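Descriptive structure summary
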Amino acid sequence: MTETLKQGSATAASRIYETLRQDLLNGRYRAGERLSITLLRETYDVGLSPLREALNRLAAYGLLRQENQRGFRVLELTREELADITEMRRQLEGMALELAIRHGDEEWESQLLAANHRLARAGEHTPVVEWESLHSRFHSALVAPCGSAWLLRFISQLHDQFDRYRRVAPRAQELRHQLDSQHQELVDLALTRDARRARALIEEHITLSSEVAKRSCR
């Protein structure tokens, strides 16, 4: 009985962790906002124990700040932090893409083509949540066969940190079209195994995307 309760609590904690993670990335809570435990329990219909476990995990992951005896607060958005995240993305994703091009096989090529096709088909009327999911899958597919689980883990965390800024920034349609076209260019370079130009383009892509993300900073 006790073991069953523990498993149920762990399942609830994982569920609320993922739901809250997405809500934080999508800007449901304002930067700097202090989160009310009582309100969170009501909003997500979850018990205190799994909620606290999820909040502690989100703080360890870097999406919340834990304050001594005062609960949890959403992180601020600053240009300095964004510049740091952007540079780390450039370095790590550039490295991962070079490795992926070196090690990727035909199965990777097929998965990359499919991910790009699904993303390209998502037009302006596609729900934002669905587009963001497709966008994340494309970037994950691009570097998937790099051969380093740790490198992929760091990249995933940096993507989440970057998206805290990008997803709440005002739309920049003039840059959006350019960014979208670069997705196809990245696929073309990956398939022709042009690692040098592919790395240069992914670094340019991340820099350009940071120009959009900057608009979220005061």
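Preceding this paragraph is the structure being described.
It should be emphasised that the depicted structure is a prediction, and the values quoted were computed from it without experimental measurement. (Residues numbered from 1 in each chain as written. Predicted model: local features only at pLDDT ≥ 70, side-chain atom pairs only at ≥ 80, totals over all residues. Heavy atoms only, no water.)

What follows is about empty space enclosed by the protein. Under the criterion given, the structure shown has one cavity of 30 Å³ or more. By volume, the largest cavity is sized at about 90 Å³. Around the largest cavity, the lining residues are Arg89, Trp131, His135, His139, His159, Phe162, Asp163, Arg166, Arg176, Leu179, His205 and Ser209. Broken down by secondary-structure element, the contributors of at least two residues to the lining of the largest cavity are α6 (128-143), α7 (149-166), α8 (173-191) and α9 (195-213). The leading source of residues in the lining of the largest cavity is α7, at four residues. A breakdown of the residues in the lining of the largest cavity according to their chemical character gives three nonpolar, five polar and four charged. (1 Å grid on protein atoms, 1.4 Å probe; cavity = no way out; pocket = protein on both sides within 12 Å on 5 of 7 lines; lining within 4 Å. Points joined across faces, edges and corners; volume = space filled by probe spheres on them. Helix = DSSP H or I, 4+ residues; strand = E, 2+ residues; numbered from the N terminus. Nonpolar A, V, L, I, M, F, W, Y, C, P; charged D, E, K, R; others polar.)

A word on the pairing of strand β2 (residues 64-67). Here four bridges tie β2 to strand β3 (residues 71-74), and the two strands are oriented antiparallel to one another. When the sheet's bridge partners are listed, Glu67 is paired in β3 with Gly71. Two successive antiparallel strands, β2 and β3, enclose a turn made up of three residues, where Gln69 displays a positive phi of approximately 60°. (Pairing = 2+ DSSP bridges.)

By the definition in use, this model includes one aromatic pair. Aromatic side chains Trp150 and Phe154 sit 5.7 Å apart centroid to centroid with 40° between the ring planes, which places their arrangement in the tilted category. Taken together, the residues span about one helical turn, with Trp150 and Phe154 both in helix α7 at a distance of four residues. According to the relative accessible area criterion, Trp150 is exposed, its value standing at 55%. By relative accessible area, Phe154 is classed as partly exposed at 42%. Just above the ring of Tyr17 sits the side chain of Arg57; from NZ or CZ to the centre is 3.9 Å. Above the face of the Trp150 ring, Arg153 is positioned so that its terminal group lies 4.5 Å from the ring centre. (Phe/Tyr/Trp six-rings, centres within 6.5 Å; stacked < 30°, edge-to-face > 60°. Buried < 20%, exposed > 50% of the residue type's maximum accessible area, 1.4 Å probe, protein only. Lys NZ or Arg CZ within 6 Å of the ring centre and 35° of its normal.)

Estimated volume of the largest pocket: approximately 690 Å³. Of all the elements, α8 adds the most residues to the lining of the largest pocket, at seven residues. The residue inventory of the lining of the largest pocket, partitioned by class, reads 10 nonpolar, eight polar and seven charged. Its boundaries defined by the atoms lining it, the second largest pocket holds a volume of some 370 Å³. Arg30, Ala31, Glu76, Leu77 and Ser216 are, among the 15 residues lining the second largest pocket, the residues nearest its centre. For the lining of the second largest pocket, the per-class residue count stands at nine nonpolar, two polar and four charged. No fewer than three residues from each of domain 1 (2-74) and domain 2 (79-216) sit in the lining of the second largest pocket. (Domains from an automatic or database assignment.)

Attention shifts here to the pairing of β3. When strand β1 (residues 34-35) meets β3, the two strands line up antiparallel, connected through two bridges. Paired with Arg34 across the strands is Arg73, a residue of β3.

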